[in-house]
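# Fold and contact review
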Amino acid sequence: MPFLNQSRISEYSYLLGGIILSILAIQSKKIQNQLQANKFIVIVAIVLGLVAAILAVAMPTFYTSANIQSLLTQCSAIALMAFGQTFVMVSGGVDLGTPSVMCMSAVVGTLVMRSYGVFFGILAMFSLPLLCGLINGLAITRFKMIPFVATLIMMMLSSGAATQLSHSVSTPAPEVIVAIGKTTFIGIPVAIWIMLVVGVILHILLKKTAFGRVLFAIGTNSDAVTSCGIPTNRYLVLAYLLSSLMSALAAFVLIARLGASSLSLASDSASLDVICSAILGGASIYGGAGSILGAFLGTLALQTLQNVMNLFGVDYFVMIILKGVLILFITYFDTIRTRLRGKA
C-alpha cells in the first residue's frame, strides 16, 4: 500500500511517541519510581503507542493540517473546561457540573441575546455560571458539603434549567456571534486562539502566583495551610468560580462555532471527558497535582482517540465503555502515584 512507507511510519511514530512521553512525564515528578514499581503500566503504554502508530499509518489523511486544525477546534471547549477543572482538582475537589453549567449558560445567553441584545446576552452568559460557581464554593466551604455531592446537585439543576428554558429545541445565535466564530487569525480559527491564550494565562496563574501555590498546598494538606492562618475557604471558592468561568467561556466558543445553543452541547459523557482530560494530563483525584499543559495534552489525546474510533465506525455506546475503562486505568495509575509520594 502506498501510504505504508518508511518515512510515514517514522513520522507518525515520533509524533505519537512524543505525545505519549509528554503525558507520562507530566503525570509525576517521580515518574522513574513509578515506572520501576509499575512495569505493567509501561508495557501497556508501549502497546498502546504501537497500536496508535499503526492506526495513524492506516489513515494517511489523519494528520493533515486541515484535520489537525479541526481536531484542535473540537478540543477547544473541552480544554477550557478541563483548565478550570484542573484548578478545582489541584485543591482536592471536583466539579461534576461544568458541562451542564456550560449548556445552561449557552441556552440562557442566546435567549437573552435574541430578546435584549448581544451585550446583555453575553453578560447573562457569564454571570449565571459565576453564580453557580459561587453556590458550589459556599456549599463546600460554609455548609461542608462533599464536592462530589455539591457539584452533582448543581449539574442536575443546570441540566434541568437548560431543558426547561430551551424546550429541547436549539436557539440560533446572532450573526455577530457567528461571525466571531468564523474569524481566523493567520489562518487559525479564533476558538483555537482563545484556548491557547487562556491556557497560557491560567498556566501562569497556577504555577507562578501565590494563588496557585496555595491551591497546591490546600490539595496536599489543607489542615496545615489553615493552621498557618491562610483563608483556605476563600481560595476554594475562587477555584470553583474559575471553573464556572471556564464553562461560560466554553459556552461562548461553542455557540460562536456552531451558530446556536442546544442541549446537545453537553453530551452524556461530557463530564467524564472533562475530568478524564484533567486526570490524563496529571491532575490527581486526591489533590495537590495538576497542570494546564497536562490538561491540554489530555484533552488532545482523548479527542484524538475519539476521532479514531469515529473513523473506524465504533458504536457510540462502545466508545463510552472504552472511556470508562480508560478512566479506570488512569485512576488506578493516579492511586499508585499518590501512594508513592506518601499521601494515601
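Numbers given for residues are sequential positions, taken from 1 along each chain in its written order. Given that this is a predicted model, residues contribute local features only at a pLDDT of at least 70 and side-chain atom pairs are listed and counted only at 80 or more, while totals for whole chains, interfaces and linings are drawn from all residues. Side-chain metrics in this entry use all non-hydrogen atoms of the structure; hydrogen atoms and water are not considered.

In terms of regular secondary structure, the protein chain is built from 14 helices and four strands. Counting contacts in the protein chain only where the partners sit at least 6 residues apart, residues at least 24 apart contribute 81% of the total. The protein chains shown are the only cover counted for residues, whose accessible areas, like all others here, come from Shrake-Rupley with a 1.4 Å probe. As displayed, the protein chain has an accessible area near 16400 Å², and 70% of this comes from carbon and sulfur atoms. Counting from the N terminus, the helices are the DSSP runs of H or I reaching at least four residues and the strands are the DSSP runs of E reaching at least two. Throughout, a residue-residue contact means that at least one pair of heavy atoms, one from each residue, lies within 4.5 Å.

Time to look at the nonpolar core. Side-chain atoms within 4.5 Å are what join buried Ala, Val, Leu, Ile, Met, Phe, Trp, Tyr and Cys residues into a set we call a nonpolar core. The classification of residues rests on relative accessible area computed with a 1.4 Å probe and restricted to protein chains. Under 20% of the type maximum is buried, over 50% is exposed, and intermediate values are partly exposed. By size, the foremost hydrophobic cluster in this structure holds 52 residues, and its most contacted members are Leu80, Phe83, Phe87 and Leu202. Contributions of two or more residues to this core are made by helix H4 (65–90), helix H5 (98–116), helix H8 (175–182), helix H9 (190–208), helix H10 (210–227), helix H11 (232–258) and helix H13 (292–311). Take this core: its biggest share by element is 13 residues, from H11. Those residues within four positions of Leu80 in sequence are excluded, and the remaining contacts are Ile194, Met195, Val198, Met246, Leu249, Ala250 and Val253. In terms of nonpolar packing, the next biggest core, distinct from the first, is built from 13 residues, Met89, Cys276, Leu326 and Ile330 among them.

Located in the positive-phi region is Lys144, a residue other than glycine, with phi close to 55°. Mapped onto the elements of the fold, Lys144 is located in the loop between helix H6 (118–141) and helix H7 (147–166). Phi at Ser168 takes a positive value of approximately 60°, unusual for a residue other than glycine. Here Ser168 shows up in the loop between H7 and strand S1 (171–172).

A helix is expected to span 1.5 Å for every residue after the first. End to end, helix H14 (residues 316–340) covers 36 Å across 25 residues, agreeing with the expected 36 Å (1.5 Å per residue, within 8%). Taken together, the buried positions of H14 are Met319, Lys323, Leu326, Ile327, Ile330, Phe333, Asp334, Thr335, Ile336, Arg337 and Thr338. The distance from a side-chain oxygen at the start of H14 to the backbone nitrogen of Phe317 is 3.0 Å, and the residue carrying that oxygen is Asp315. The definition of a polar contact used here is a pair of N or O atoms within 3.5 Å, where within protein one atom must be able to donate a hydrogen and the other to accept one, and adjacent residues in sequence count solely through side-chain atom pairs.

Mapped onto the elements, Met81 comes out in helix H4. Note: C-alpha distance between Met81 and Met246 (165 residues apart in sequence) is 5.4 Å.

This paragraph deals with the packing of aromatic side chains. Stacked, tilted and edge-to-face pairs are distinguished by plane angle, under 30 degrees for stacked and over 60 for edge-to-face with tilted covering the rest, among Phe, Tyr and Trp rings (Trp via its six-membered ring) whose centres lie within 6.5 Å. For the structure shown, the criterion picks out four aromatic pairs. Considering the side-chain rings of Phe185 and Trp193, the 5.5 Å spacing of their centres and the 65° angle between planes classify their relative orientation as edge-to-face. For Phe185, a relative accessible area of 54% gives the class exposed. Centre to centre, the rings of Phe211 and Tyr235 are 5.9 Å apart; their planes meet at 20°, and the pair counts as stacked. Residue Phe211 is found in helix H10, and its partner Tyr235 is found in helix H11; the two are separated by 24 residues along the sequence. Across the pair, Tyr235 and Phe211 agree in class, each one buried. Connected via pairs of aromatic rings, a cluster forms that spans Phe87, Phe211 and Tyr235.

Right, let's talk about the side chain of Ser91 for a bit. Examined against the element boundaries, Ser91 turns out to sit in the loop between H4 and H5. A residue is classified by how much of its surface remains accessible, and Ser91, at 7% relative accessible area, is buried. One polar contact links the side chain of Ser91 to the main-chain carbonyl oxygen of Val88, over a distance of 2.6 Å. Apart from residues lying up to four places away in sequence, Ser91 is in contact with Leu215, Ile218, Gly219 and Leu236.

Relative to the 39 Å expected for 27 residues at 1.5 Å per residue, H11 spans 39 Å between its end C-alpha atoms, a close match to the ideal helical length. Counted residue by residue, H11 has 21 buried out of 27 residues, so it is predominantly covered. A positive phi of about 80° marks Gly259, the residue just after H11.

By definition, no residue in a patch forms a salt bridge, and every one has over 30% relative accessible area; like charges are joined within 9 Å, nonpolar side chains (Val, Leu, Ile, Met, Phe, Trp, Tyr) within 5 Å. Here a salt bridge means any side-chain nitrogen of Lys or Arg lying within 4 Å of a carboxyl oxygen belonging to Asp or Glu. Taken together, the side chains of Ile146, Phe148, Val149, Ile153 and Leu157 define a hydrophobic patch exposed on the protein surface, amounting to about 470 Å² of accessible area. Mapped onto the elements, Ile153 comes out in helix H7.

A few words on the environment of Gly290. Among the secondary structure elements, Gly290 is positioned in the loop between helix H12 (270–280) and H13. Residues contacting Gly290, with those up to four places away along its chain left out, are Thr86, Val90, Leu206, Lys207, Phe216, Gly282 and Ala283.

Below, the discussion takes up the environment of Val88. Positionally, Val88 belongs in helix H4. Separated by 150 residues in sequence, Val88 and Leu238 have C-alpha atoms that sit 9.2 Å apart. The residues contacting Val88, other than those within four sequence positions of it, are Gly93, Val94, Asp95, Ala239, Tyr240 and Ser243.

Now for the side chain of Thr141. The residue Thr141 is located in helix H6 in this model. Residue Thr141 is classed as buried on the basis of its relative accessible area of 4%. For Thr141, the side chain forms a polar contact with the main-chain oxygen of Gly137, separated by 2.7 Å.

One can describe the packing of H12 onto H14 by two numbers: an axis separation of 10 Å at closest approach and a directional angle of 35°. H14 is crossed by H12, and the crossing has left-handed handedness. The segment H12 lies against H14, with Leu272, Asp273, Cys276, Ile279 and Leu280 engaging Lys323, Leu326, Ile327 and Ile330. All axes are obtained by fitting lines to C-alpha atoms, using only the stretch in contact for helices, and the reported angles, taken between N-to-C directions, cover 0 to 180 degrees. Here is the rule for handedness: rotate from the far helix to the near one, and if that takes an anticlockwise turn smaller than a right angle the crossing is left-handed, while a clockwise turn gives right-handed.

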